[in-house]
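# Working through the structure, step by step
Spelled out, the chains give:
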Amino acid sequence: MFALIDGNNFYVSCERVFRPSLNGLPVIVLSNNDGCAIARSNEAKALGIKMGAPWFQIRHMEESHGLIALSANFALYGDISDRVASLTAGFGPRQEIYSIDESFIDLTGVRGDHVARGRRMRDRILDWVGIPCGIGIGQTKTLAKLANHVAKTAERKPGSYPAKLSQVCDFSTLSPDELLDVFAHTNVEEVWGIGRRIAVQLNTGGVFTVADLVKLDAATVRRGWSVVLERTVRELQGVSCVDIEDIPPDKKEIASTRSFGQVVTSKADLTEAVTDFAARASEKLRKQRGLAGQVHVFIRTSPFRKDDPQYSRSITIPLRRPSCDTIKIAGAAVLGLDAIYKPEFRYAKAGVMLLDLQPDSIVQDELDLDDEPKDAGRLMTAMDVLNRRYGKGTVIVGSSGTAGAKRAWSMKQERRTPAYTTCWEDMPRVRA
DNA sequence: TCTGGGGTCCTAGGACCC
DNA sequence: TCTGGGGTCCTAGGACCC
């Protein structure tokens, strides 16, 4: 038995913790560069605002509907996420932190009334951290996910499902007929693993609801689609195919990519950006004690600006030996940029990806043919420590641009709230 | 003017091997 | 007329997730 606990409209709920005046109002959180909506309060959803809606297209609703938009404040969301996860960990013996706002919990061996425990857990998270959650419980992870969807939908749209399933929904409390009824009222695209493309294909084949899908024969699904969908169908049928990953595996690739706040054309600006991305990616790499064998760089124009000539190129640069050294990785990234840069285009986005990752414990030694400094690793450690203690950007690589100068490529965030819980200066003050 | 970022897994097809 | 069989590895692209 598995549970899935996740925060409702998570980013918006995080913002509301420190600004309760936002309760009851249509609020959205915007992506980087204030580009598009990535989280919506129930009130914003009710206004018809879609996930991913470009801000410039819905901005008029500020005036007309009192819509409130905030820039993404990931420092805040990450910290609140940790607090929620530390509470949900108590719900069962094993926990998989699946995303910034979701945990799977293995309920094997947990006795008693799961629904009652779920409601207590929900109350505690709301009291202690301030985040409203939904909890779904089922025999497989896919069923727990679906139950979670039902729990949240039943709360948000009364009447859509039986009221007893609101907020905390345990499929195992339903009779087979009741469960089938829930399935019949749920479209296939709500199922974990079924996206837009496959939903269309299923619909074409006459499969519209989860009730239709669960009736299919697994082997047929495999022949017609893939092992991935077959697994999903089996999980819906109650056969657990995906276990909890309570120990997060090391990343197989690490990326740092960004759209620019404004169009960039000069190689100097791109060099700064690419160096900065390489530094961010390298830092993540060192955190997982890894080394990269290859560095991938890409630059591209905006596909949305139809009138602009389009250009998109990437290149992969092998490192002579696997490394996590920011200076070497940034060097390779800039080398790659030199190879693909063309001056005549208006660039909108660039990125650096580290590939071919391996743990730093299994380095192949080799003859030391070049006289590189033996203590490069200590330099990186010192950099990481300084940046952790005195704040990001305290020590940077020179080619990423001087911190004081305005970087042409830096991202736009005009509506960001303070880092209430992670920055001393931003801590809220309470007056007596 | 203005459209996010960071991942994973699977499959098909080509290169290559004996 | 008629040109093997079996396998691995790698890559690009598609689909999905939040």
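Residues numbered from 1 in each chain as written. Chains lettered and ligands numbered in written order. Predicted model: local features only at pLDDT ≥ 70, side-chain atom pairs only at ≥ 80, totals over all residues. Heavy atoms only, no water.

## A closer look at the packing of aromatic side chains
Applying the stated rule across the entire model yields 13 aromatic pairs. Centre to centre, the rings of Tyr-98 and Trp-192 are 5.6 Å apart; their planes meet at 85°, and the pair counts as edge-to-face. Of this pair, Tyr-98 sits in strand 5 (residues 94-99) while Trp-192 sits in the loop between helix 8 (176-184) and helix 9 (196-204), and the two are 94 residues apart along the sequence. Judged by its relative accessible area of 23%, Trp-192 is partly exposed. Ring centres 6.0 Å apart and planes at 85° place the aromatic pair Phe-171 and Phe-183 in the edge-to-face group. (Phe/Tyr/Trp six-rings, centres within 6.5 Å; stacked < 30°, edge-to-face > 60°. Helix = DSSP H or I, 4+ residues; strand = E, 2+ residues; numbered from the N terminus. Buried < 20%, exposed > 50% of the residue type's maximum accessible area, 1.4 Å probe, protein only.)

## A closer look at the side chain of Thr-209
On the secondary structure map, Thr-209 appears in the loop between helix 9 and helix 10 (210-214). When near neighbours in sequence (up to four residues on either side) are disregarded, Thr-209 contacts Phe-183, Ala-184, Thr-186, Asn-187 and Val-188. (Contact = heavy atoms within 4.5 Å.)

## Here we look at the sheet that holds strand 3 (residues 37-40)
An order of 3-2-4 is seen for the three strands of this open sheet, with the pairing classed as mixed. The strands lining the two open edges of the sheet, one partner per strand, are strand 3 and strand 4 (68-71). Shown here is a sheet whose adjacent strand axes are inclined to one another by a mean of 30°, direction ignored. Two elements, strand 2 (residues 27-30) and strand 4, share four bridges in a ladder whose sense is parallel. Counterpart to Ile-28 in the pairing with strand 4 is Ala-69. Against the sheet, helix 1 (residues 10-18) makes contact with strand 2, strand 3 and strand 4, and its axis sits at roughly 110° relative to strand 2, the strand it touches most. (Pairing = 2+ DSSP bridges. Axes fitted to C-alpha atoms, helices over the stretch in contact; angles between N-to-C directions.)

## Section: helix 13 (residues 267-287)
With 21 residues, helix 13 extends 30 Å between its outermost C-alpha atoms, agreeing within 8% with the 30 Å of an ideal straight helix rising 1.5 Å per residue. Among the residues trailing helix 13, Arg-289 stands out with phi positive, at a value near 55°. (Expected span 1.5 Å × (residues − 1).)

## Some details on the protein's contact with DNA strand B
Around DNA strand B, the surrounding shell holds 22 residues, and the nearest of these are Ala-255, Thr-257, Arg-258, Ser-259 and Arg-305. Counting only the atoms of DNA strand B that lie within 4 Å of the protein, the sugar and phosphate share comes to 74%. Within the side chain of Lys-252, an N or O atom sits 2.8 Å from a phosphate oxygen of DNA strand B. Contact distances for DNA strand B include 2.4 Å between a phosphate oxygen and a side-chain N or O atom of Arg-305. Element by element, the count of residues in the surface near DNA strand B is highest for strand 9 (residues 254-264), at six residues. Considering only residue class, the surface near DNA strand B consists of seven nonpolar, seven polar and eight charged. (Near = heavy atom within 4 Å. Polar contact = N/O pair within 3.5 Å; in protein donor to acceptor, adjacent residues only side chain to side chain. Nonpolar A, V, L, I, M, F, W, Y, C, P; charged D, E, K, R; others polar.)

## Some remarks on the protein's contact with DNA strand C
Residues in close proximity to DNA strand C total 13 residues, the closest being Ser-99, Asp-101, Lys-145, Gly-193 and Ile-198. Near the protein, within 4 Å, the atoms of DNA strand C are sugar or phosphate in 100% of cases. One of the side-chain N or O atoms of Asp-101 is found 3.1 Å from a sugar or linking oxygen in DNA strand C. Within the backbone of Ile-198, one N or O atom sits 2.8 Å away from a phosphate oxygen of DNA strand C. Secondary-structure elements contributing two or more residues to the surface near DNA strand C are strand 5 and helix 9. Broken down by element, the residue count for the surface near DNA strand C peaks at three residues, all from helix 9.

## Regarding the sheet that holds strand 5
Ordered in space as 5-6-1-7-8, the five strands form an open sheet in which the pairing is mixed. Strands with a single pairing partner mark the edges of an open sheet, and in this sheet they are strand 5 and strand 8 (168-170). Shown here is a sheet whose adjacent strand axes are inclined to one another by a mean of 15°, direction ignored. Inspection of the sheet shows strand 1 (residues 2-7) paired to strand 6 (residues 102-106) by five bridges, in the antiparallel sense. Bridge pairing in strand 6 links Ala-3 to Ile-105. The strands touched by helix 7 (residues 141-156) within the sheet are strand 1, strand 5, strand 6, strand 7 (133-138) and strand 8, with strand 7 carrying the most contacts at an inclination of about 140°.

## Some remarks on unusual backbone geometry
Even without being a glycine, Asn-33 presents a positive backbone phi close to 65°. By the secondary structure assignment, Asn-33 is in the loop between strand 2 and strand 3. With a phi angle near 50°, Asp-34 is a residue other than glycine that sits in the positive phi range. Within the secondary structure, Asp-34 is located in the loop between strand 2 and strand 3. Residue classification places Asp-34 among the buried residues on the basis of a relative accessible area of 7%.

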